[in-house]
Amino acid sequence: MSNFNTKWNIIKEALRSTMDQSTFNSWISPLRIVERKDNSITISTPSKFSSDWVEKNYKEIILSCLRDIDANIENINFTDTFRKKEQEEENFSSTPEPKIKIRTESQNLTKIGKISGVKESFSFDNLIESKSNEIAISAFKRKLLTDNMNMTYLYGPSGCGKSHLLHAFATEFAKLNPSKNVKCLSAEKFAFEYRKSVKENNTIGFKQSIRNNDLLIIEDLQYIITNKASQIELMHTINHIVEKNGKVIISSNVSPFLIEGINKDLITRTSFGLLIDIQTADKELKEKFIENKAEELNFHISSEIVDYLATNFKRSLRELSGAISRIFNYSFLSGNDISISFLNNLLKDMFVDFGSKIEISDIKKEVAKHYNLLTSELSNVTKVKKIAMPRQIAIYLCKTLTNKSLTEIGTAFGGKNHSTIIHSIKKIEKLMDENNSFAKEVNLLKSRF
């Protein structure tokens, strides 16, 4: 079997003729035989995801080809780790093959200059799957197979797992394409960096840093609506990358057709491709999420509690993660056993599905009462702090506690525009981060609902 590796290369060339070039380069070309034990062959792949995918989709045809060389071969195994044996060369080749440099799971993506903003902790391996997200996950996995889907738009409610899916895709794309540039950033950061480059007269530098990528991911498109120039720049950026056969993926909380205040040309550009809808987490997904989070904390939660949480918690996975941490901390510090009555008391503010129960008028009345104002004063056009600050708090609460759109909120507060509403929300969030007393005051108002 001294020429086994040479024959393996011939097999790969034969496989090349059965698929398109991009599929071959992504899945077959990196494969390497690393061990033969009895009648079993071990083949190394760049990553666990690649290993799983090749085994599922190409195992039978590869095994058939190997049996053409040696009829005694009974099985093949796939691994994502190169295993070096002292007798590897003796078993497969009289001449040692050069080492293949492939990015492995253990390498830190942030150390590679052409990768920016990728959260490598988010992978397909730790992405929880259920009926609510299986279509979206399948679509992104298949997207790794082809070069012809250049524009993709992913949308779904906040906290449903969009970021995890996007960064898992970016991580895997980088491993399969180690020479390509990958960049992930938020739409808000895109707009900020663009405005900064205009102010500093360095738009060329900005365009080079953004457009010189083979995969560009922009998250939360809804937050770019306040700056028209940034929208136009993003549209040109998408055109540039797509025209050079790169990939652009954009995410948002809603379909591009439902984002208020967005440029019509940008809507056309972002929707001219693959539109993927990821659903709100279902009970199955929440159950798996709770169990995984508890395992991370080394914290036992009974199946009864898992079922009760998954059934009654109606908010996002991000908030569910916070709820589980709260349960763990209170249980640990108090020494109390976890019971349903304990949960109801501890999470009473989080078991409420705010969006379907609270109206803007309810919030305006409560905030006005708290600050000794007339409800009508919150809609006045004034910058007097006595009124302006309560109005901004009320706007923040409306965004946090209801499902109302920015337009509906703005209309309820005297016809405020998008930028004013977003400014108010971000100002309150910033003050809450910086001032604990202020945060307590806002949370006190929130708890009344």
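Look up a bit, the structure's there.
The paragraphs below set out a description of the structure included in this document. (Residues numbered from 1 in each chain as written. Predicted model: local features only at pLDDT ≥ 70, side-chain atom pairs only at ≥ 80, totals over all residues. Heavy atoms only, no water.)

## Thoughts on a nonpolar patch on the surface
So the rule is basically this: Each patch is assembled from residues with relative accessible area greater than 30% and no salt bridge, linking like charges that lie within 9 Å and nonpolar side chains (Val, Leu, Ile, Met, Phe, Trp, Tyr) that lie within 5 Å. Shrake-Rupley sampling with a 1.4 Å probe provides the accessible areas, and residues are treated as covered by the protein chains on show and by no other component. The working definition used for a salt bridge is a side-chain nitrogen of Lys or Arg within 4 Å of a carboxyl oxygen of Asp or Glu. The helix count covers DSSP runs of H or I at least four residues long, the strand count covers runs of E at least two residues long, and both are numbered beginning at the N terminus. For each residue, the accessible area found with a 1.4 Å probe, counting protein chains only, is set against the maximum for its type, and the residue is called buried under 20%, exposed over 50%, and partly exposed in between.
Nonpolar side chains collect at one region of the surface, where Phe257, Leu258 and Leu275 lie side by side and expose about 320 Å² of accessible area between them. Inspection of the secondary structure puts Leu258 in the loop between strand S8 (247-252) and helix H10 (264-271). For Leu258, a relative accessible area of 60% puts it in the exposed group.

## Considerations on the sheet that holds strand S3 (residues 75-79)
Rule in force here: The rule for pairing is simple: two strands pair if DSSP sees at least two bridges between them. In this analysis an axis means a line fitted to C-alpha atoms, helices contributing only their contacting stretch, and an angle means the value between N-to-C directions, from 0 to 180 degrees.
Read across the open sheet, the 3 strands follow the order S1-S2-S3; overall the sheet is mixed. Among the strands making up the open sheet, the edge pair consists of strand S1 (32-37) and S3. On average, each strand axis in the sheet is inclined to that of its neighbour by 25°, with strand direction left out of account. When S1 meets strand S2 (residues 40-44), the two strands line up antiparallel, connected through 5 bridges.

## Let's talk about the packing of helix H15 (residues 360-370) against helix H19 (residues 436-447)
To keep things clear, this is the line we draw: Oblique is the label for any angle not under 35 degrees, not over 145, and not in the 65 to 115 range, which are roughly parallel, roughly antiparallel and roughly perpendicular in turn. Each crossing gets its handedness from the near helix: less than a right angle anticlockwise from the far helix is left-handed, clockwise is right-handed. We call two residues contacting when some pair of their heavy atoms lies within 4.5 Å. Charged means Asp, Glu, Lys or Arg here, nonpolar means Ala, Val, Leu, Ile, Met, Phe, Trp, Tyr, Cys or Pro, and polar covers whatever is left, Gly included.
One can describe the packing of H15 onto H19 by two numbers: an axis separation of 10 Å at closest approach and a directional angle of 130°. Of the possible angle classes, the one that applies to H15 and H19 is oblique. H15 and H19 meet at a crossing whose hand is right-handed. Of the residues in H19, those touching H15 at Glu366, Val367 and His370 are Glu441, Leu444 and Leu445. Tallied by class, the residues present in the contact of H15 with H19 amount to 3 nonpolar, 1 polar and 2 charged.

## Brief notes about the side chain of Gln392
You can see Gln392 is positioned in helix H16 (residues 385-401). Look at Gln392 and you get buried, because its relative accessible area is 11%. What Gln392 contacts, discounting residues up to four positions off in sequence, is His423, Ser424, Lys427 and Ile428.

## Comments concerning the pattern of salt bridges
Across all of its chains, the model carries 6 salt bridges by this definition. A salt bridge links Glu55 to Lys59, with the nearest nitrogen and oxygen atoms 3.9 Å apart. Pair noted here: Glu55 and Lys59 are both in helix H3 (residues 48-69), with a separation of 4 residues, about one helical turn. Salt-bridge contacts for Lys283 lead to Asp307; the nearest nitrogen and oxygen are separated by 2.7 Å. Taken together, the residues span a long stretch of sequence, with Lys283 in helix H11 (residues 283-296) and Asp307 in helix H12 (residues 303-312) at a distance of 24 residues. Lys283 gets classed as partly exposed once you look at its relative accessible area, which sits at 36%.

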